[in-house]
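Structural features, examined
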Amino acid sequence: MPHAAREEPSLPREASPRRYLMCRPEQFRVTYSINPWMDPAKPIDLPLALAQWEVLRDRYRSLGHTVELLTPRPGLPDMVFAANGASVVDGRVLGARFAHAERSLEAEAHLEWFRAHGFTEVQEPVHINEGEGDFAFTSSWILAGRGFRSSPLSHDEAQEFFGRPVIGLDLVDPRYYHLDTALAVLDDRTDEVMYYPGAFSPGSRAVLARLFPDAIVAQEGDAAALGLNAVSDGRHVLLPQGAVGLFGPLRERGFEPVAMDLGELLKGGGSVKCCTQELRG
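Residues numbered from 1 in each chain as written. Predicted model: local features only at pLDDT ≥ 70, side-chain atom pairs only at ≥ 80, totals over all residues. Heavy atoms only, no water.

A short note on the confidence of the model for the protein
Test applied: The score called pLDDT rates the predictor's confidence residue by residue, from a low of 0 to a high of 100. What makes two residues a contact is simply this: any of their non-hydrogen atoms within 4.5 Å.
Averaged over all residues, the pLDDT of the protein equals 95, while 96% of them reach at least 70. Scored below 50 in pLDDT, residues 1-7 shows 6 contacts in the model against residues more than four places distant or in partner chains.

Details of the nonpolar core
So the rule is basically this: The criterion is simple. A nonpolar core is a set of buried Ala, Val, Leu, Ile, Met, Phe, Trp, Tyr and Cys residues joined through side-chain atoms within 4.5 Å. Using a 1.4 Å probe on the protein chains alone, a residue whose accessible area is under 20% of its type maximum counts as buried, one over 50% counts as exposed, and one in between counts as partly exposed. Secondary structure elements are defined from DSSP: runs of H or I of at least 4 residues count as helices, runs of E of at least 2 residues count as strands, and each element is numbered from the N terminus.
In terms of nonpolar packing, the biggest core is built from 34 residues, with Leu143, Leu183, Met194, Phe200, Leu246 and Leu250 touching the most fellow members. With 4 residues, strand 9 (residues 183-187) is the largest single contributor of residues to this core. What Leu250 contacts, discounting residues up to four positions off in sequence, is Leu186, Met194, Ile216, Val237, Leu239, Phe255 and Pro257. Counting 25 residues, the second largest nonpolar core, distinct from the first, contains Tyr20, Tyr32, Ile34 and Val67.

Some thoughts on the pattern of salt bridges
The condition that has to hold: When a carboxyl oxygen of Asp or Glu is within 4 Å of a side-chain nitrogen of Lys or Arg, the pair counts as a salt bridge.
Tallying each qualifying case throughout the model produces 25 salt bridges. Notably, a salt bridge pairs Glu112 with Arg73, separated by 2.6 Å at the nearest N-O pair. In this pair, Glu112 sits in helix 2 (residues 106-116) while Arg73 sits in the loop between strand 2 (66-69) and strand 3 (86-89), placing the two residues 39 residues apart along the sequence. In this structure, Glu264 engages Lys267 in a salt bridge whose closest nitrogen and oxygen atoms are separated by 3.1 Å. Relative accessible area serves as the criterion here: at 8%, Glu264 is assigned to the buried category.

A look at the pairing of strand 1 (residues 19-22)
The following threshold applies: Paired strands, as defined in this entry, are two strands with at least two bridges between them according to DSSP.
Sheet analysis places strand 1 next to strand 2, joined by 4 bridges and oriented parallel. Note on strand 2: the bridge partner recorded for Leu21 is Glu68. Looking at chain direction, strand 1 and strand 15 (residues 277-278) are connected through 2 bridges and run antiparallel. Each bridged residue has a counterpart across the sheet, and for Leu21 the counterpart in strand 15 is Gln277.

Quick word on the sheet that holds strand 8 (residues 166-170)
Worth spelling out the cut-off: Angular values range over 0 to 180 degrees, each being the angle between N-to-C directions of two axes fitted as lines to C-alpha atoms, with helices fitted over their stretch in contact.
Read across the open sheet, the 3 strands follow the order 6-7-8; overall the sheet is mixed. Sheet topology places strand 6 (135-137) and strand 8 at the edges, where each strand pairs with a single neighbour. Each neighbouring strand pair of the sheet contributes to a mean axis angle of 25°, computed without reference to strand direction. Strand direction decides the pairing type here: strand 6 and strand 7 (residues 142-146), joined by 3 bridges, are antiparallel. Counted as the bridge partner of Phe135 is Ala144 from strand 7. Contacting strand 6, strand 7 and strand 8, helix 3 (residues 153-162) runs over the sheet at an angle of about 160° to strand 7.

Here it is in structure tokens:
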């Protein structure tokens, strides 16, 4: 049976206030390579990285959102990618367990922050998951990536802890090593997403098409600009400025794209979403 025609949303869409956790890139370096974006031979302009990050932080605040700060720790250059440190739903915190030794100490830094800031239901995971790198949340499901970092066993662990159904998705292109590089939730109240099909296995593409028949489907050039590494409050979609092909489709759906320049942090394999962990509840 054909899917019913999509009803156009009333404009403008309504944003909902969010609370985010971020970490200043004071320690940011590329001294090792654990994804295809990282090249230690390419120098980092740290003052520029700090400035780009501050623009993102300030933009969140200007849109009415709360930004909490995680203190960076020496020797942990990837802590700026705060999305990877935990997943938070209904005030419950499932910590991360990193696949690579270079990032392993970040997990405890995140758990300590949550315990010190009034979160009482905090669980250290048994299986490898890299937080919101591979977990995305809609009103109906937890979408869970696997294939490069997070263990498939972490999916059952997340389902049991959060009490929400988990949909496993297989990532097959190493450039899109985390789910948040290949898929973004645009409105977690209405199950609206955008994604790049080429990052997923054939079976996972079929699942996404079935679950989200009206999704915005990104083209290769926008995906390669990390355009899916985006954050939405239900109205404003903050995404890399190079993903110009996504701006029109987003506006057609009633969203307001907000172009961000995080070019220095892209050298570490992350952009807007990687820098932003959402504190739900």
